[in-house]
4 protein chains.
Amino acid sequence: MSETVTVRGFAGTDIRKITTDKGLPISTFRLASTPRRFDRESGEWVNGETNWFNVTCFRNLALNAHSTLAKGDPVIVTGRLKIRPWENDAGQRGTAVEIDADGLGHDLTFGTGSFTRLNPGSSEQ
Amino acid sequence: MSETVTVRGFAGTDIRKITTDKGLPISTFRLASTPRRFDRESGEWVNGETNWFNVTCFRNLALNAHSTLAKGDPVIVTGRLKIRPWENDAGQRGTAVEIDADGLGHDLTFGTGSFTRLNPGSSEQ
Amino acid sequence: MSETVTVRGFAGTDIRKITTDKGLPISTFRLASTPRRFDRESGEWVNGETNWFNVTCFRNLALNAHSTLAKGDPVIVTGRLKIRPWENDAGQRGTAVEIDADGLGHDLTFGTGSFTRLNPGSSEQ
Amino acid sequence: MSETVTVRGFAGTDIRKITTDKGLPISTFRLASTPRRFDRESGEWVNGETNWFNVTCFRNLALNAHSTLAKGDPVIVTGRLKIRPWENDAGQRGTAVEIDADGLGHDLTFGTGSFTRLNPGSSEQ
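Heads up: these notes are all about the structure in this document. Small disclaimer: the values here were computed from a predicted structure and weren't measured. (Residues numbered from 1 in each chain as written. Chains lettered and ligands numbered in written order. Predicted model: local features only at pLDDT ≥ 70, side-chain atom pairs only at ≥ 80, totals over all residues. Heavy atoms only, no water.)

1. Some thoughts on the overall build of chain A
Phase 1: In terms of regular secondary structure, chain A is built from 1 helix and 9 strands.
Phase 2: When the helices and strands of chain A are placed in sequence order, the string is β-β-β-β-β-β-α-β-β-β.
Phase 3: The C-alpha extent of chain A, read off along each of the three principal axes, is 55 × 45 × 30 Å.
Phase 4: Out of the 125 residues belonging to chain A, those deemed buried represent 47%. (Helix = DSSP H or I, 4+ residues; strand = E, 2+ residues; numbered from the N terminus. Buried < 20%, exposed > 50% of the residue type's maximum accessible area, 1.4 Å probe, protein only.)

Here's what the structure looks like:
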C-alpha cells in the first residue's frame, strides 16, 4: 500500500539543499504539473488545472539534483506520494503534498543534455 | 484502460533513430531494469530478475533522446505499455514488450548533467 | 502530463451521492491508505503515516460505488490525481487532494465477494 | 527500481488455483486490457490493440480471487510487472508478461457487488 506516482512538470523554484546534523543531504523544490485533457465540448485538448508538489530527494540524488537542476527546467520525477497535515506556531493548518523521489531527471521532450556518471557503485536504487 | 508505466533502468543499447517516409522521427532502444526486493529468509535486499523493455520515442523526444543518451546510461522512462505478439517470415513467434515513451531523461541518482532547452513551445506533453 | 495514481486503502466514510442539475451522478468518499515501509534500524516492516484522499466518481461508477461500498471497506482506486487549493467564506485556506476515479473496487486481499454486471455496453473505460 | 503497474481489463480465463508442496496457495488467470486512444485523424476515441497479462496472486489473495472471480469479469489489478523469457522442452522460446498482484478486485464501472470481510488481521498489504 505504497503510492508511487510519476510526475512530468517544471521546477517552479530553484533547488534548495540542506545537510542534517547526521550529514544527510536533503534537497527540495516545487514542481508544477499541468495535465492535458480532452474537452468533449470543443473537441480539443486543453490545459487542465496545475498540480503543485513538494519534491524531496535524499543522499546522492539530493546532491546531484542540486548541482544539475534550476528553476524552470522540465523534470520527470518518480517516487512515493505523501500527504501531510501541518500546523504552524500561529495555529494555521494546511496540507502538504510531497513526493519522496526515487529517481528524477530532465525531460528530454523539451531539450538535449549531457551526463556525467558519478555514483557507479550506488545501491540507492 | 491505458497502462502507464514508469521504469528506472539502464540503456542496454545505443539509441537507434529512423525517419519515416512522412518525416516522423522515431528512436528506439532497449532498457534493462533490475528490481530490488526484500528477501524474507536472508532479511536483506537483493536483486530480482531483470526486466527488458523496448522503448520507442517519437518526434522531438526521438531527436533529443538520440542526441543525448548512450548505451549504459541510467534512464527514467514513463509511457504506455504495449505487449505485442509478432511472427517473422521464418514462422517464429514471440512477444514484444514496448514502452511508448511520453517522457524520459537521465536519472540523477547516478550522476550530474547539463540541459539545453530546445522546444520551448512544444505541445507534446 | 496527467498524474495517474493507484491507491489501496480503506473507505473512511460512507459513500455520498449527489446528482447535478444536468442529471450527472457524482459520488465521493474519503480513502485512507497506510503505506508499509522497511525500517532500516529495526530491520522490520512498519506502518508509515496514513495518506487521506478525496475520491470522486462519475456516471455509472458513481451509481455502482454508492450501492456497493460502505465505510470501512478495503478498496482499490485508480484515477487522476488533483491537488486543489481552496478558500471558504470565512477566509480559511487549504489544499484538497482528490482522485478522479477511472476504476475502483473491493480489494480481494481482505475478503470475497459477488458481482452483478450492469453496464455491458459501457464505453466509460 | 520496481515496476508497479495498474491494469483495468477483463478476465480472459477462469481462475486456476494450485497449492505448493509448502502449502502456499497460488492463483493465476489471463487478463485482457484494451486501451482507448484518441485518433487524430478521425477526431474520435477508438480501441487500441489489446494487451494480455498473466496475473499471479499468492496467499489470501489467491484464495479469495479464486472463489470470487470468473472468466469475463471486469477486473482492476495492481502489482509488480515481470517480463520473463521462457524455453520449453521442445526448444521453443518466448516471453511471458506477468503481474504479481498486490491487490485486485471487480471494477465497479461495470456493475455492483457485495463483499464479505475474511482476513481482518491480514498483514499482506
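Having put the structure on the table, let's press on.
2. Details of the interface of chain A and chain B
Phase 1: Counting residues at the interface gives 38 residues for chain A, matched by 38 residues for chain B.
Phase 2: A combined buried area of about 3500 Å² lies between chain A and chain B, and 57% of that area is made up of carbon and sulfur atoms.
Phase 3: Where chain A touches chain B, the interface holds 0 salt bridges.
Phase 4: At the surface where chain A touches chain B, the tally comes to 19 residue pairs in polar contact (both at pLDDT 80 or more).
Phase 5: When residues of the side of chain A that touches chain B are traced back to their parent elements, those giving at least two are β1 (4–11), α1 (59–68), β7 (74–87), β8 (93–106) and β9 (111–117) of chain A.
Phase 6: With 7 residues, the top contributor of residues to the side of chain A that touches chain B is β9 of chain A.
Phase 7: Residues belonging to the side of chain A that touches chain B are distributed by class as follows: 11 nonpolar, 21 polar and 6 charged. (Contact = heavy atoms within 4.5 Å. Buried area = accessible area lost by both parts, 1.4 Å probe. Salt bridge = Lys/Arg side-chain N within 4 Å of Asp/Glu carboxyl O. Polar contact = N/O pair within 3.5 Å; in protein donor to acceptor, adjacent residues only side chain to side chain. Nonpolar A, V, L, I, M, F, W, Y, C, P; charged D, E, K, R; others polar.)

3. A few points about the relation of the copies chain A and chain B
Phase 1: Once turned by 180 degrees and shifted 0.0 Å along the axis, chain A lies on chain B with an RMSD of 0.0 Å. Within this description, the copies of the chain are treated as partners about a two-fold rotation axis. (Least-squares fit on C-alpha atoms with pLDDT ≥ 70 in both.)

4. Here we look at the pattern of salt bridges
Phase 1: Scanning the entire structure with this criterion turns up 24 salt bridges over all chains.
Phase 2: The partner of Asp102 of chain B in a salt bridge is Arg80 of chain B, and the shortest N-O contact between them spans 2.8 Å. Note that Asp102 of chain B is positioned in strand β8 (residues 93–106) and Arg80 of chain B in strand β7 (residues 74–87), a separation of 22 residues in sequence.
Phase 3: Since its relative accessible area comes to 28%, Asp102 of chain B is described here as partly exposed.
Phase 4: A salt bridge links Glu87 of chain C to Arg93 of chain C; the shortest N-O distance between them is 3.5 Å. Each member of the pair, Glu87 of chain C as well as Arg93 of chain C, is classed as exposed.

5. Focus on helix α1 (residues 59–68) of chain C
Phase 1: For α1 of chain C, the set of buried residues is Leu61, Ala62, Asn64, Ala65 and Thr68 of chain C.
Phase 2: Tucked inside the fold, the buried residues of α1 of chain C contact β2 (16–19), β3 (25–33), β6 (51–58) and β8 (93–106) of chain C together with β9 (111–117) of chain D.

6. A word on the packing of aromatic side chains
Phase 1: Applying the stated criterion across every chain, the model contains 6 aromatic pairs over all chains.
Phase 2: Measuring from ring centre to ring centre gives 6.1 Å for Trp45 of chain A and Trp45 of chain D, while their planes differ by 55 degrees; the resulting arrangement is tilted. Placement of Trp45 of chain A in strand β5 (residues 44–47) and of Trp45 of chain D in strand β5 (residues 44–47) is noted, with the two residues assigned to different chains.
Phase 3: Judged by relative accessible area, which is 37%, Trp45 of chain A ranks as partly exposed. (Phe/Tyr/Trp six-rings, centres within 6.5 Å; stacked < 30°, edge-to-face > 60°.)

7. Let's talk about the environment of Thr95 of chain B
Phase 1: Take Thr95 of chain B: it is sitting in strand β8.
Phase 2: Relative accessible area serves as the criterion here: at 24%, Thr95 of chain B is assigned to the partly exposed category.
Phase 3: The residues contacting Thr95 of chain B, other than those within four sequence positions of it, are Ile83, Arg84, Pro85 and Trp86 of chain B together with Thr95 and Val97 of chain D.

8. Side note on the pairing of β3 of chain C
Residues and elements named next belong to chain C.
Phase 1: A large share of β3 lies buried, amounting to 7 of its 9 residues.
Phase 2: Pairing of strand β1 (residues 4–11) with β3, which is carried by 2 bridges, proceeds in the antiparallel orientation. Looking across to β3, one finds that Ala11 is bridged to Leu31.
Phase 3: Counted along the chain from β2 to the antiparallel partner β3, the turn is 5 residues long, and its residue Gly23 has a positive phi close to 85 degrees.
Phase 4: Where β3 lies against β6, 8 bridges are found, and the strand directions are antiparallel. Its bridge partner being in β6, Ser27 is matched across the sheet by Cys57. (Pairing = 2+ DSSP bridges.)

9. Quick look at the environment of Asn88 of chain D
All names here are of chain D.
Phase 1: As for its placement among the helices and strands, Asn88 is situated in the loop between β7 (74–87) and β8 (93–106).
Phase 2: Exposure remark for Asn88: the relative accessible area of 30% places this residue in the partly exposed category.
Phase 3: Spatially, the C-alpha atom of Asn88 lies 21 Å from that of Thr20, the residues being 68 residues apart in sequence.
Phase 4: A polar atom in the side chain of Asn88 sits 3.1 Å from the backbone nitrogen of Ala90.

Taken by themselves, the reported measurements are silent on function.
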